[in-house]
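Descriptive structure summary
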Amino acid sequence: MLPFRSLGTLSPSAVTKAWKCGAALCNGKYSTAASATFTTKDFDLHKLDMGPATEVSTTREEAIQFYREMQTIRRMETTAGNMYKAKQVRGFCHLYSGQEACCVGMEASMTPEDAVITAYRAHGWSYIRGVSILGVLAELTGKKSGCSMGKGGSMHMYGKNFYGGNGIVGAQVPLGAGIAFAMKYRKEKNICVTLYGDGAANQGQLFETFNMAKLWNLPCVFVCENNGYGMGTSAERASASIDYYTRGDYVPGIKCDGMDVLAVREAMKFCKDYVLKNGPILLEVATYRYSGHSMSDPGTSYRSREEVKEVREKKDPITTFKEKLLSSNLATADELKKIDTEVRKEVEAAAELAKNDTELSGDYLYNQIYNQPPADYIVRGCDPMTTSPSK
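What you see is a predicted model, and the numbers here were worked out from it, not measured in a lab.

Bringing the environment of tyrosine 290 into the picture now. Residue position: tyrosine 290 is located in the loop between β10 (281-286) and α10 (305-314). Among the residues examined, tyrosine 290 registers a relative accessible area of 7% and is labelled buried. In sequence terms tyrosine 290 and valine 311 are 21 residues apart; their C-alpha atoms lie 8.6 Å from each other. Discounting residues that sit within four places of it in the chain, tyrosine 290 has contacts with Arg74, Ser97, Gly98, Met259, Arg303, Val308, Val311, Arg312, Asp316 and Pro317.

This paragraph deals with helix α2 (residues 60-85). Along its 26 residues, α2 runs 38 Å from first to last C-alpha, staying within 8% of the 38 Å computed at 1.5 Å per residue. Lysine 87 sits one or two positions beyond α2 and adopts a positive phi of about 65 degrees.

Per the counting criterion, the structure on display carries 16 salt bridges. Residues arginine 129 and glutamate 107 are paired through a salt bridge, measuring 3.0 Å at the closest nitrogen-oxygen approach. In this pair, arginine 129 sits in the loop between α4 (123-128) and α5 (133-140) while glutamate 107 sits in helix α3 (residues 100-107), placing the two residues 22 residues apart along the sequence. In this pair, the class of arginine 129 matches that of glutamate 107, namely buried. The shortest N-O distance in the salt bridge between arginine 344 and glutamate 348 comes to 3.6 Å. On the criterion of helical spacing, the pair formed by arginine 344 and glutamate 348 is a turn pair, its members being four residues apart in helix α12 (residues 333-356). Residue classification places arginine 344 among the partly exposed residues on the basis of a relative accessible area of 30%.

A word on a nonpolar patch on the surface. On the surface, Phe181, Tyr185, Met212, Leu215 and Trp216 cluster together to form a nonpolar patch covering roughly 590 Å² of accessible area. Breaking the nonpolar patch down by element, the ones donating at least two residues are α6 (172-185) and α7 (204-215). Of note, phenylalanine 181 is situated in helix α6.

Right, let's get into the packing of α2 against α5. At a minimum axis separation of 11 Å, α2 and α5 run at an interaxial angle of 20 degrees. Our classification of the angle between α2 and α5 gives roughly parallel. Of the two possible hands of crossing, α2 and α5 adopt the one that is right-handed. Between α2 and α5, the contacting residues are Thr72, Met76, Thr79, Ala80 and Met83 on the first element and Ile133, Val136, Leu137 and Leu140 on the second.

Another aspect to go through is α5. α5 sits mainly inside the fold: seven of its eight residues count as buried. Ile133, Gly135, Val136, Leu137, Ala138, Glu139 and Leu140 are the residues of α5 that are buried. Where α5 is buried, its residues contact α2, α4 and α12. Within two residues after α5, glycine 142 carries a phi angle of roughly 75 degrees, on the positive side.

Take the domain arrangement of the protein next. In many reports, interface size means the accessible area that the parts give up when they come together. Each assigned domain of the protein is listed with its residue range as follows: domain 1 (35-360) and domain 2 (362-390). Measuring from the centre of the C-alpha atoms in domain 1 to the corresponding centre in domain 2 gives 35 Å.

Turning our eyes to something else, we now look at the pairing of strand β6 (residues 220-226). For β6, the buried fraction is high: seven of the seven residues fall into the buried class. With six bridges connecting them, strand β5 (residues 192-197) and β6 associate as parallel partners. Bridged to valine 193 within β6 is valine 221. Handedness of the crossover joining β5 and β6 through α7 is recorded here as right-handed. Taken together, the six bridges between β6 and β10 define a ladder with parallel strand orientation. Among the inter-strand pairings, valine 223 is bridged to a residue of β10, identified as leucine 283.

Let us now look at the side chain of asparagine 227. Among the secondary structure elements, asparagine 227 is positioned in the loop between β6 and β7 (229-230). Polar side-chain contacts of asparagine 227 include one of 3.2 Å to the backbone nitrogen of tyrosine 229. The contacts of asparagine 227, once residues within four sequence positions are left out, are Gln99, Arg121, Asp198, Thr287, Tyr288 and Arg289.

Mapped onto this numbering, the UniProt entry gives "domain: Dehydrogenase E1 component" (unreviewed entry) at residues 68-359. Between the first and last C-alpha atoms of residues 68-359 the distance is 31 Å; the span itself is 46% helix and 11% strand.

All right, on to the packing of aromatic side chains then. Counting across every chain of the model gives nine aromatic pairs. Relative to tyrosine 274, the ring of phenylalanine 270 has its centre 6.5 Å away and its plane inclined at 15 degrees; by these criteria the two rings are stacked. Taken as a pair, phenylalanine 270 and tyrosine 274 lie in helix α9 (residues 261-278) at a separation of four residues, close to a single helical turn. For the pair phenylalanine 270 and tyrosine 274, one class covers both residues: buried. By way of ring pairs, the aromatic residues Phe181, Tyr185 and Trp216 are connected into one cluster.

Calculation criteria
Residues numbered from 1 in each chain as written. Predicted model: local features only at pLDDT ≥ 70, side-chain atom pairs only at ≥ 80, totals over all residues. Heavy atoms only, no water. Helix = DSSP H or I, 4+ residues; strand = E, 2+ residues; numbered from the N terminus. Buried < 20%, exposed > 50% of the residue type's maximum accessible area, 1.4 Å probe, protein only. Contact = heavy atoms within 4.5 Å. Expected span 1.5 Å × (residues − 1). Salt bridge = Lys/Arg side-chain N within 4 Å of Asp/Glu carboxyl O. Patch = residues over 30% accessible without salt bridge, like charges linked within 9 Å, V, L, I, M, F, W, Y side chains within 5 Å. Areas by Shrake-Rupley, 256 points an atom, 1.4 Å probe, with all protein chains shown as cover. Axes fitted to C-alpha atoms, helices over the stretch in contact; angles between N-to-C directions. Parallel < 35°, antiparallel > 145°, perpendicular 65-115°, else oblique. Left-handed = near helix turned anticlockwise from the far one by under 90°. Domains from an automatic or database assignment. Pairing = 2+ DSSP bridges. Right-handed = clockwise from strand over helix to strand, strands pointing away. Polar contact = N/O pair within 3.5 Å; in protein donor to acceptor, adjacent residues only side chain to side chain. UniProt positions renumbered as here; feature names shortened; annotations may be inferred. Phe/Tyr/Trp six-rings, centres within 6.5 Å; stacked < 30°, edge-to-face > 60°.

This is the structure in structure tokens:
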């Protein structure tokens with residue numbers, strides 16, 4: 001905005017234009033900040049002398065990207081839930097709504113060459129790892145445009161360096177250590193982010209894996225996405241210790257606010273640097289799921305509606321981040337509203353394609369069982385009398 005003393009040298013029309021521009025800036029129609037710095041909550045540390053920085057910065061471009069990604073996942077999950085209720089999605093369906101800051105923040109500190117393996121609440125991770133919205137929704141509807149061609153469904157989505165989507169509770173954790181072992185064996189400077197929930201945190205296979213990972217100093221970040229409930233059981237009722245970031249004992253750990261995308265980004269940045277130099281680390285991200293455990297769980301028999309409402313109003317990862325963007329002038333309300341509209345249209349278009357896409361033919365169920373099988377290879381069906389060629 002021009003200084004007041006200079007207006008006298010301008011024509012009346014130029015003065016009017018200058019005042020309009022100044023008023024637009026004051027009314028927030030145009031963002032002016034190229035970057036901003038925020039303070040996160042303190043990180044809890046285990047066997048570490050220092051942790052991630054609590055003073056975090058972001059550029060306007062990065063912040064808007066985070067907002068768009070989180071909104072896309074939220075809208076995609078809402079759509080998936082509606083499609084399930086309309087019986088357009090069958091089988092299991094575990095929604096990620098409320099946990100968007102976890103995958104978006106972690107991915108921001110990783111490269112496409114880093115690997116991720118997670119549990120069955122995988123839609124958000126599938127998208128942020130490069131699977132399209134259509135690839136997610138069509139997989140849910142069992143159509144061939146799905147990322148697993150409709151053969152996997154909600155729990156079995158895959159992409160480049162994204163190893164699922166695993167339906168057996170906790171079973172992905174040893175696999176993640178194996179992926180990290182392969183990276184170290186091949187002398188690659190990459191990491192494997194191995195995710196599990198608080199409901200899996202007491203399993204013996206986790207502690208066996210922590211032991212092997214530390215013995216071999218594997219470049220593995222073990223991430224506990226603690227959303228407070230393992231199915232219908234609260235963490236406090238299931239675990240004698242709910243400090244999951246300390247449960248690696250001899251493996252260092254960090255706990256961060258999983259509802260703050262910038263805090264998660266900073267935590268993963270620290271963890272990646274650490275594991276490439278020192279071996280495994282545990283990261284607990286304290287988050288919350290708005291939906292039930294799955295679509296068959298209303299999510300209100302073991303927690304109150306008031307509890308869910310309070311988290312939505314005070315801690316929601318999208319609305320709290322939106323407030324930061326507006327207060328720091330990284331973006332304006334009009335810009336964010338435009339993004340919301342674009343995301344809604346994009347998800348709606350993908351949903352229509354997912355509903356109307358075709359399914360694979362029945363004989364294709366026998367394909368892609370083995371990698372490069374011999375010519376004329378035969379596999380059996382549900383009984384010895386049913387067989388089919390496999391490609």
